Amino acid sequence: MISTSSRLRRSAAIGLCAAVLIALAGCADSAADTSADTSGAAEQTADASPTATTAAATVFGPTTGDCDATAATFRDVVSANPDLADPALEATCAGDAIVVVSNSIPDYEYIATTPGSPNEVEQTFTLPTEPQEDPDPSPDDVPRLGAIGVAVDGVSIFGPTEGTGGDVLSLVGALSECGSHNGPGAFHMHLFGWADGVDCLYSAEEVESGDPILVGWAADGYPIMSGLVCADEGCTSMTQLTSSWQLTDESAFATDTWSAHSYVEGSGDLDECNGRVDADGQYRYYTTTTFPYILGCYHGEVADGALPSGRG
């Protein structure tokens, strides 16, 4: 089993990497005398207020645009389950894309909630290093079954839908405390979960530390972050970001969760895709405790062949 201290070192490394990227982006902008874009730090003007300056200096998490830095956010996975095959994960740069190859075995303790045990299933994700914003994002583009992204340990991230067409939470007990379970295709996660004393993708201590927690990367190349974030600049308390999707037809929750929910702009903290542009100019998705849990649409364009196929 992976120790809390080793996970904390990984989390700190991710935060440090993000801080370095933000600093480098700021230096490059100054040298070239160009304005910052979504892959760099927010531009700070001479008359910027102290609050704005503090916000710009905050480490929100990884940024896009540097393939090597993105590849470095994926873990050196080690076995946490003696009864399962060892996890395998490789992230490499190929032109303008990062190619992630995984055998779908988690690097945290497997808690059985559904029949069978995770088997090795090789899956390949091809993600853009520099995402391109989709001018017309649509919830219809999110696969109802199958992967929508990949976690930092190489496990597939699925959407809110189960094989029934209903919401994954309509199947009571189907998910472990970690938000994951074994499926007909491969082991995968639907939610970002954690609990005291449970070995999940991250420990409760890490998630509640105030450090930015990278869950994984969406198929369009944007990062997926934990939605439990600092509530103030000093991070004296934490707050859970909320979705702007609302349950408007409870009768369809267990049969067609997408029809059961409606996007109500401004009703939560996040946009229709379940993300936001942070003060450093970078778009990021954030996990929520209610639908759609990970993302409600793709903020960026998804290339053909970016995702492996598979059932939930």
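For the structure itself, look to the data block above.
Quick caveat, the model's predicted, so the values are computed rather than measured.

Enquirer: Tell me what's going on with the pairing of strand β1 (residues 89-94), and back it up with residues and numbers.
Expert: As defined by bridge partners, β1 adjoins strand β2 (residues 97-102) across six bridges and the pair is classed as antiparallel. Directly across from Ala 94, in β2, lies its bridge partner Ala 97. Taken together, β1 and the strand that follows it, β2, pair antiparallel across an intervening segment of two residues, in which Gly 95 is found at a positive phi of about 65 degrees.

Enquirer: So what's going on with the pattern of salt bridges? Which residues, and what values?
Expert: What the rule picks out here adds up to five salt bridges. In this structure, the salt-bridge partner of Asp 278 is Arg 284, at a minimum N-O distance of 2.8 Å. Its relative accessible area of 0% is what places Arg 284 among the buried residues. Through salt bridges with shared partners, a single network forms among Arg 276, Asp 278, Asp 280 and Arg 284.

Enquirer: So what's going on with the state of the cysteines? Which residues, and what values?
Expert: For the structure on display, the rule yields four disulfides. The disulfide partner of Cys 178 is Cys 200, and the gap between their sulfur atoms is 2.1 Å. On the S-S bond that ties Cys 178 to Cys 200, the torsion sits near -80 degrees, and the link is left-handed. Placement of Cys 178 in the loop between β5 (156-158) and β6 (180-181) and of Cys 200 in the loop between β7 (188-189) and α4 (204-207) is noted, with a sequence separation of 22 residues between them. Overall, the relative accessible area of 1% leaves Cys 200 in the buried class. There is a disulfide in this structure between Cys 273 and Cys 297, and the S-S distance comes to 1.9 Å. Judged by the torsion about the S-S bond (-95 degrees), the Cys 273/Cys 297 disulfide is left-handed. Of this pair, Cys 273 sits in the loop between β13 (261-263) and β14 (275-277) while Cys 297 is found in the segment after β15 (283-286), placing the two residues 24 residues apart along the sequence.

Enquirer: Describe the sheet that holds β2, with residues and values.
Expert: Taken in spatial order, the three strands of this open sheet run β1-β2-β3, and their pairing is antiparallel. Each having just a single partner strand, β1 and β3 (123-128) make up the two edges of the open sheet. When strand polarity is set aside, the average angle formed by the axes of neighbouring strands in this sheet is 20 degrees.

Enquirer: Explain the environment of Gly 216 to me, and be specific about the residues and the numbers.
Expert: Within the fold, Gly 216 resides in strand β8 (residues 214-218). You can call Gly 216 buried: its relative accessible area is 0%. The spacing of Gly 216 and Ala 151 is 65 residues in sequence and 3.9 Å in space, taken between C-alpha atoms. Setting aside its immediate chain neighbours within four residues, Gly 216 contacts Val 150, Ala 151, Val 152, Ile 157, Pro 223 and Ile 224.

Enquirer: Explain the packing of aromatic side chains to me, using residue names and the numbers behind them.
Expert: Counted under the stated rule, the structure contains 12 aromatic pairs. Between Tyr 110 and Phe 187, the aromatic rings sit 5.9 Å apart at their centres with planes inclined by 80 degrees, giving edge-to-face as the arrangement. Note that Tyr 110 is positioned in the loop between β2 and β3 and Phe 187 in the loop between β6 and β7, a separation of 77 residues in sequence. Tyr 110 sits in the buried class, given a relative accessible area of 13%. Using a relative accessible area of 2% as the deciding quantity, one classes Phe 187 as buried. Where Tyr 222 meets Tyr 285, the ring centres are 6.5 Å apart and the plane angle is 80 degrees; that geometry is what we call edge-to-face. One end of the pair, Tyr 222, is in the loop between β8 and β9 (223-225); the other, Tyr 285, is in strand β15, with 63 residues separating them in the sequence. Classification of Tyr 285 by relative accessible area gives buried; the value is 0%. Taken together, the ring pairs connect Trp 245, Trp 258, Tyr 263, Phe 291 and Tyr 293 into an aromatic cluster. Taking the ring centre of Tyr 202 as reference, the NZ or CZ of Arg 75 above it sits at 4.8 Å. The ring of Trp 258 is capped by Arg 144, whose NZ or CZ atom sits 4.0 Å from the centre of that ring.

Quick notes on the rules
- Residues numbered from 1 in each chain as written.
- Predicted model: local features only at pLDDT ≥ 70, side-chain atom pairs only at ≥ 80, totals over all residues.
- Heavy atoms only, no water.
- Pairing = 2+ DSSP bridges.
- Helix = DSSP H or I, 4+ residues; strand = E, 2+ residues; numbered from the N terminus.
- Salt bridge = Lys/Arg side-chain N within 4 Å of Asp/Glu carboxyl O.
- Buried < 20%, exposed > 50% of the residue type's maximum accessible area, 1.4 Å probe, protein only.
- Disulfide = S-S within 2.5 Å.
- Axes fitted to C-alpha atoms, helices over the stretch in contact; angles between N-to-C directions.
- Contact = heavy atoms within 4.5 Å.
- Phe/Tyr/Trp six-rings, centres within 6.5 Å; stacked < 30°, edge-to-face > 60°.
- Lys NZ or Arg CZ within 6 Å of the ring centre and 35° of its normal.

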